Amino acid sequence: MNAKWELSLLYDFYGGLLNRSQQRVVELTVNDDLSLSECAELLGISRQGVKDALDRAKKKLCSYEEKLSLLSKYREEQRALEEIAASAEHIRALSSDDDIRELSQKIQTLALSIYDKED
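Here the residue numbering is sequential within each chain, running from 1 through the sequence in written order. Owing to the predicted nature of the model, reporting of local features is limited to residues with pLDDT of at least 70; listing and counting of side-chain atom pairs is limited to 80 or more, with chain, interface and lining totals taken over all residues. To obtain the side-chain values, all non-hydrogen atoms of the structure were used and water was disregarded.

Asks: Would you mind showing me how to read the overall build of the protein here?
Replies: A run of H or I in DSSP counts as a helix once it spans at least four residues, and a run of E counts as a strand once it spans at least two, with each numbered from the N terminus. Along the protein, the regular secondary structure elements total six helices and zero strands. Reading the helices (α) and strands (β) of the protein from amino to carboxyl end gives α-α-α-α-α-α. Here the globule rule is a power law, 2.2 Å times the number of residues to the power 0.38, and the radius of gyration is based on C-alpha atoms. A compact globule built from 119 residues would reach a C-alpha radius of gyration of about 14 Å, whereas the protein, at 21 Å, exceeds it by more than 25%. Dimensions along the principal axes, computed over C-alpha positions, put the protein at roughly 70 × 30 × 20 Å. For the exposure calls, accessible area comes from a 1.4 Å probe over protein chains only, and a residue counts as buried if that area is under 20% of its type's maximum, exposed if over 50%, partly exposed in between. Residues classed as buried in the protein amount to 30% of the 119 residues present. All accessible areas in this document rest on Shrake-Rupley with a 1.4 Å probe, and a residue is counted as covered only by the protein chains that are shown. Carbon and sulfur atoms make up 55% of the accessible area of the protein, which totals about 7,900 Å². On the protein, the mean spot of the 17 positive side-chain charges and the mean spot of the 23 negative ones are 9 Å from each other. Positive residues here are Lys and Arg, negative ones are Asp and Glu, while His and the chain termini are left out of the count. Charge positions come from single atoms, namely NZ of Lys, CZ of Arg, CG of Asp or CD of Glu.

Here's what the structure looks like:
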């Protein structure tokens, strides 16, 4: 997966645990897609200062994920919801019983609505 996308996801889960300057650097470089130089100019610090702050933020975010696994658990839940929706669709396709078809449609709709809410 793209390193910036991965960092953005980690930031979504753990960004509140970073100090304010690290949050700002991640927001500018990852979410706003500014270069280190552009970020440095905006913050009034050196490019190396931005790089160091970003490196420290990445290290902290990865450390939080290693300990808490929130992103991993989220991804597992998303895969499970996709599988539930696909299984419900398969049941509906195989069944000729209207009640079973209706219930499997409800299951699929619920799984997809939960999946969509979490994205």
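Asks: Please explain the packing of aromatic side chains as it appears in this structure.
Replies: Centre-to-centre distance and the angle between the planes together describe a pair of aromatic rings. Any pair of Phe, Tyr and Trp rings, taking the six-membered ring for Trp, is counted once the centres come within 6.5 Å. Such a pair is stacked with planes under 30 degrees apart, edge-to-face with planes over 60 apart, and tilted for the rest. In total, this model carries three aromatic pairs according to the counting rule given. Pairing Phe13 with Tyr14 gives two aromatic rings, centres 6.3 Å apart and planes at 45°, and the pair type is tilted. Take Tyr14: its relative accessible area is 1%, and that puts it in the buried class. Taking the centre distance of 6.0 Å and the plane angle of 40° together, the rings of Tyr14 and Tyr64 count as tilted. You can see Tyr14 sitting in helix H1 (residues 3-14) and its partner Tyr64 sitting in helix H4 (residues 47-68), a full 50 residues away along the chain. Taken together, the ring pairs connect Phe13, Tyr14, Tyr64 and Tyr74 into an aromatic cluster.

Asks: Before we go on, may I ask you to explain the environment of Ala40 in this structure?
Replies: Assignment of secondary structure puts Ala40 in helix H3 (residues 36-43). Each C-alpha atom, one on Ala40 and one on Phe13, is 25 Å from the other, the two residues being 27 residues apart in sequence. Apart from residues no more than four positions distant in its own chain, Ala40 is found in contact with Ile45, Ser46, Arg47 and Val50. Any two residues whose heavy atoms approach within 4.5 Å at even a single point are treated as in contact.

Asks: So what exactly am I meant to see when it comes to a nonpolar patch on the surface here?
Replies: Among the surface-exposed residues, Phe13, Leu68 and Leu70 lie close enough to one another that they form a single nonpolar patch of about 230 Å² accessible area. Of note, Phe13 is situated in helix H1. Judged by relative accessible area, which is 31%, Phe13 ranks as partly exposed. Exposure above 30% relative accessible area and the lack of any salt bridge qualify a residue for a patch; like charges then connect within 9 Å, and the nonpolar side chains Val, Leu, Ile, Met, Phe, Trp and Tyr within 5 Å. Here, a salt bridge means any Lys or Arg side-chain nitrogen found within 4 Å of an Asp or Glu carboxyl oxygen.

Asks: What's the story with a negative patch on the surface in this structure? I'm lost.
Replies: Taken together, the side chains of Asp97, Asp98, Asp99 and Glu102 present a region of like negative charge at the surface. Along the chain, the position of Asp98 falls in helix H6 (residues 98-118).

Asks: Would you mind going over the pattern of salt bridges with me for this structure?
Replies: Considering all chains together, one arrives at six salt bridges under this definition. Note that Arg24 is salt-bridged to Glu27, the shortest N-O span being 4.0 Å. Pair noted here: Arg24 and Glu27 are both in helix H2 (residues 20-31), with a separation of three residues, about one helical turn. For Arg24, a relative accessible area of 29% corresponds to the partly exposed category. Residues joined by salt bridges that share partners form a network here, namely Arg20, Arg24 and Glu27.

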